Amino acid sequence: MQRFQKLIIAFGVLLLLSVACSKSEESGGIGGKQSAAHSGTKEKRLREYNIEQAERLKRSKNPCDTLSLKQYILTNYPAGTLLVQMDRTYSYKIPKEAVIYYRHKGHLYIFALIAKSKPGERNIETKNVVGYESSFINLDSTKLGTAFFFLTLFECADNTFHKIWEAEVPIHGGFNRMTLKRWKPKNILYVELNYEDGIISGHRNYNFFMVDGLTKPPHLLETYVGLAHKRTMTDLNHDKFPDYYEYLYIDSTYIRQYDSIPFYWDTLKHLYVTKVNRRWFRKY
């Protein structure tokens with residue numbers, strides 16, 4: 001009986017400790033201190049430490065390399081802003097940053113995908129905005145923080161970064177990879193941002209076209225492929241803006257495609273419209 005009472009007391013002590021630890025974690029740490037995910041200062045210190053460690057391992061120093069860009073973002077952007085990494089693939093084990101270097105007319109330009117945290121929410125983390133699992137964050141992202149993606153163009157001049165423009169990407173998570181491509185019909189350069197999308201059982205591409213040259217804000221066209229969703233790029237009216245076909249599906253005993261609707265860019269309305277129905281239009 002005495003031994004049973006000791007076991008009861010020991011169990012009660014363990015239970016109290018468990019509750020105390022849980023409350024400590026909810027408040028951000030021991031004594032109610034905030035974690036790095038909720039503290040902008042701690043988050044910046046942690047990222048600065050990681051950059052310093054990477055600098056020590058690096059053999060050479062380039063004033064506009066990726067580590068320097070990380071430091072530039074850390075110094076010049078609000079807390080909770082980060083340079084996004086691409087998703088892991090079989091071709092490399094360490095995730096690469098979403099950065100593309102491009103030389104044009106003697107200038108060095110850098111395309112970078114930057115994610116910013118929504119003010120007042122938890123600071124975002126790369127693991128929560130990259131890959132298939134994170135594509136579901138678009139349903140409810142407030143618990144892990146809301147990410148606002150921006151494709152940003154920098155120029156490397158005088159051994160530092162100069163921001164030329166930034167264009168918002170209308171999605172919160174699921175980033176996979178960034179690729180620099182050229183649209184063959186008009187020989188126009190564009191950046192394809194590929195996002196995995198578990199909601200439609202497929203993927204989405206946000207294509208930023210340099211229709212007015214490299215240093216002007218780009219034109220956005222979205223394409224996607226899913227189980228019962230599809231939009232493909234095309235050239236309908238032979239202007240400098242890309243167009244697309246929207247495919248319609250019937251989902252009954254089995255899924256089948258039954259129609260395709262052409263949309264073209266209206267330069268006056270700044271919208272994608274179709275002649276099929278004047279009330280149908282899209283922003284991108």
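Here, every reference points to the structure presented above.
Residues numbered from 1 in each chain as written. Predicted model: local features only at pLDDT ≥ 70, side-chain atom pairs only at ≥ 80, totals over all residues. Heavy atoms only, no water.

(A) View of the layout of surface pockets. Its boundaries defined by the atoms lining it, the second largest pocket holds a volume of some 210 Å³. What lines the second largest pocket is Glu166, Ala167, Glu168, Pro170, Phe208, Pro217, Pro218, His219, Leu220 and Tyr284. Elements with a contribution of two residues or more to the lining of the second largest pocket: strand S5 (160–169) and strand S9 (219–225). Grouping the amino acids of the lining of the second largest pocket by side-chain chemistry returns seven nonpolar, one polar and two charged. (1 Å grid on protein atoms, 1.4 Å probe; cavity = no way out; pocket = protein on both sides within 12 Å on 5 of 7 lines; lining within 4 Å. Points joined across faces, edges and corners; volume = space filled by probe spheres on them. Helix = DSSP H or I, 4+ residues; strand = E, 2+ residues; numbered from the N terminus. Nonpolar A, V, L, I, M, F, W, Y, C, P; charged D, E, K, R; others polar.)

(B) Examining the pattern of salt bridges more closely. According to the stated counting rule, one finds 11 salt bridges in the structure shown. Measuring nitrogen to oxygen at the nearest pair gives 2.6 Å for the salt bridge that ties Arg204 to Asp197. Taking relative accessible area as the criterion, Asp197 reaches 6% and is therefore assigned buried. In this structure, the salt-bridge partner of Asp212 is Lys240, at a minimum N-O distance of 2.5 Å. Of the two residues, Asp212 sits in the loop between strand S8 (202–209) and S9 while Lys240 sits in the loop between strand S10 (230–234) and strand S11 (243–251), which places them 28 residues apart along the sequence. Three or more residues are tied together by salt bridges with common partners; here these are Lys116, Lys163 and Glu166. (Salt bridge = Lys/Arg side-chain N within 4 Å of Asp/Glu carboxyl O. Buried < 20%, exposed > 50% of the residue type's maximum accessible area, 1.4 Å probe, protein only.)

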